[in-house]
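# Secondary and tertiary structure notes
These are the residues of each chain, in order.
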Amino acid sequence: MKLINKFVDKFGVGHVTLRPEDDEDMWHLYNLIQEGDEVRAPAIRRVVSTSATGSTDSQRVRIHLTLQVTNVHFSPSSSTASTAAGPSASDQHAAIQVSGRVSQENQHVKMGAHHTLDLEPNRDIRIVKEDWDSISLGRVQEACVEGRGADVGAIVCGEGNAAICLLSENMTVVRQRIEVPVPRKRMGSSTLHDKGVERFYAAVYAGLLRHIPFMEMRAVVLASPGFVKDTLYDYIFAEATRTNNKALLGARQKFVASQLKETKFAREGIMLDKFFKMLASDELRAWYGPDHVLLASERGAIGTLLITDELFRSNDVNQRKKYVALVEAVRQKGGEVVIFSSMHESGQQLNQLTGIAAILTFPLDVEVVEEEERVAKEEAQAAVEAKEAAGEN
């Protein structure tokens, strides 16, 4: 993501202009744009003009539209299907549809008219907010870091089928799906089976070269049931040796799974696994659900906060502010915050668990804390009533 310009005053009011470059950037944009924001971006509109003689002429005009956002929709990139005959057409990038009413009139579009903007990579988008909170500004900063993007490639395969994926900090994108018929071995002859397997491995090898920039990857993972991944590994480097592919041979050390622990999405999975283990072994230090996690935060008990980006996309401004304040409070008290992407499996699992959880630094009994809260509220209410009664006397 390229930051074109930015102006945000001390009250959090201002605008940011960004130029997304890939699917990961589009996901960041989707998380940045909220209902009520203003979004300005280029658009193509068909304009009909009428001449003095009454004839009409229609032409497509490129304009810039500014919308007051009412709805945002994210469309993930579509993967390529491939068979033994070869791959299909090129992939389609992720896109965002922003709907709303025109807030700045121009000669082609009236003020207040309802329109939809299709946001695409490599086009500048200006986002205007009345409140750029710490989560939004942090996401802009994260998205614009040089070299950020997909850092792990993966080939998940069985016998005759495979998916070639790119895994980034926030997304898992399937770049190609491969299906090649592999006949079963017959008694006394395996020729047809061997030819099918050869065609399958050749298709996967071609997909690897086409879709995985292994020179830029931190790791390339081969995963499968049984020994398919091992045979595929041997085929890839035998073919690289045969064709003298020096770049691929030089990246051989990257084809290991141990490096996954250094990536952001792998860390999310590790932290979620740690939470579930804590929940099973010491449930007084594993809390989940908005109300309970907020109570734990008030007592300064949160060591690690696990929260999904989906909660920050709430159209309820007060809900969003509540979670932003929670994140800031945990960080101020020295706790760690892990924001999960709902485009990864770990984020989807956390969403099923209300989208928010916490690993506590010391044990707290939920029932005891809730009872303390209830008693405190009753005492506060009694004090208010006593003060009002004293005022009446």
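Below you will find a few notes about this structure. The structure displayed is predicted, hence computed values, not measured ones. (Residues numbered from 1 in each chain as written. Predicted model: local features only at pLDDT ≥ 70, side-chain atom pairs only at ≥ 80, totals over all residues. Heavy atoms only, no water.)

### Examining the overall build of the chain
The number of helices and strands found in the chain is 10 helices and 17 strands. Its C-alpha atoms give the chain a radius of gyration of 27 Å, more than 25% over the compact-globule value 21 Å for 393 residues. Every one of the 393 residues in the chain was classed for burial, and the buried ones make up 43%. If you take every contact in the chain between residues at least 6 apart in sequence, the share linking residues at least 24 apart comes to 68%. For the chain, the exposed area adds up to about 20,900 Å²; of that, 50% sits on carbon and sulfur atoms. Here the chain contributes 46 positive and 54 negative side-chain charges, whose respective centroids are spaced 9 Å apart. (Helix = DSSP H or I, 4+ residues; strand = E, 2+ residues; numbered from the N terminus. Rg over C-alpha atoms; globule rule 2.2 N^0.38 Å. Buried < 20%, exposed > 50% of the residue type's maximum accessible area, 1.4 Å probe, protein only. Contact = heavy atoms within 4.5 Å. Areas by Shrake-Rupley, 256 points an atom, 1.4 Å probe, with all protein chains shown as cover. Lys, Arg positive; Asp, Glu negative; His and termini not counted. Charge placed at Lys NZ, Arg CZ, Asp CG, Glu CD.)

### Thoughts on the environment of H114
When you line up the elements, H114 lands in strand 8 (residues 114-119). Each C-alpha atom of the pair H114 and G355 lies 33 Å from the other, and the pair is 241 residues apart in sequence. Dropping the residues within four chain positions of it, H114 is found in contact with T70, S99, G100 and R101.

### As for helix 9 (residues 345-352)
Those residues of helix 9 not exposed but buried are S346, G347 and L350. Buried residues of helix 9, seen end-on, are gathered within an arc of 100° and therefore sit on one face of the element. When the buried face of helix 9 is taken as reference, the exposed residues oriented beyond 90 degrees from it are E345 and Q352. Just downstream of helix 9, T354 is the residue with a positive phi angle, here 80°. (Arc of directions from axis to C-beta.)

### Focus on the pattern of salt bridges
Overall, the coordinates contain 13 salt bridges when judged by the stated rule. Here K129 and D37 are joined by a salt bridge, their closest N and O atoms 2.6 Å apart. Of the two residues, K129 sits in strand 9 (residues 125-129) while D37 sits in the loop between helix 1 (23-32) and strand 3 (38-50), which places them 92 residues apart along the sequence. You'll find K129 and D37 in the same group, each marked buried. For the salt bridge of D133 with R320, the shortest nitrogen-to-oxygen distance reads 3.0 Å. Here D133 is found in the loop between strand 9 and helix 2 (134-143), whereas its partner R320 is found in helix 8 (residues 317-332), with 187 residues between them in sequence. (Salt bridge = Lys/Arg side-chain N within 4 Å of Asp/Glu carboxyl O.)

### Section: helix 3 (residues 191-211)
For helix 3, spanning 21 residues, the distance from its first C-alpha to its last is 30 Å, which sits close to the expected 30 Å at 1.5 Å a residue. Along helix 3, the residues that are buried comprise H193, G196, V197, F200, Y201, A203, V204, Y205, G207, L208 and H211. Contacts made by the buried residues of helix 3 are with strand 10 (152-157), strand 11 (161-167), strand 12 (172-179), helix 4 (228-242) and helix 5 (246-250). (Expected span 1.5 Å × (residues − 1).)

### With respect to the sheet that holds strand 9
Taken in spatial order, the 7 strands line up as 1-2-9-3-4-7-8 in an open sheet, and their pairing is antiparallel. Each end of this open sheet is capped by a strand with a single partner; those strands are strand 1 (2-8) and strand 8. Strand-to-strand, the axes of this sheet are offset by a mean angle of 35°, without reference to chain direction. Both strand 3 and strand 9 contribute to a ladder of 3 bridges, which runs antiparallel. Looking across to strand 9, one finds that V39 is bridged to I127. Strand contacts of helix 1: strand 2 (14-19), strand 4 (56-75), strand 7 (95-102), strand 8 and strand 9, with the helix running at about 70° to strand 4, the strand carrying the most contacts. Across the sheet, helix 2 touches strand 1, strand 2 and strand 9, and the angle it forms with strand 1 is around 155°. (Pairing = 2+ DSSP bridges. Axes fitted to C-alpha atoms, helices over the stretch in contact; angles between N-to-C directions.)

### What to know about the pairing of strand 1
Where strand 1 lies against strand 2, 6 bridges are found, and the strand directions are antiparallel. Opposite V8, over in strand 2, you have G14 as the bridge partner.

### With respect to the nonpolar core
Membership of the largest hydrophobic core comes to 34 residues, with the highest contact counts inside it found for L29, I33, F74, I96, V98, L117 and L119. Listing elements by their share of this core, those giving two or more residues are strand 2, helix 1, strand 3, strand 4, strand 7, strand 8, strand 9 and helix 2. Ranked by residue count, the leading element in this core is strand 4, at 7 residues. If we ignore the near neighbours within four places in the chain, the residues touching F74 are M26, W27, Y30, A94, A95, I96, M171 and M343. Among the nonpolar cores identified, the runner-up in size contains 29 residues, and V182, Y201, I212 and F237 belong to it. (Core = buried A, V, L, I, M, F, W, Y, C linked by side-chain atoms within 4.5 Å.)

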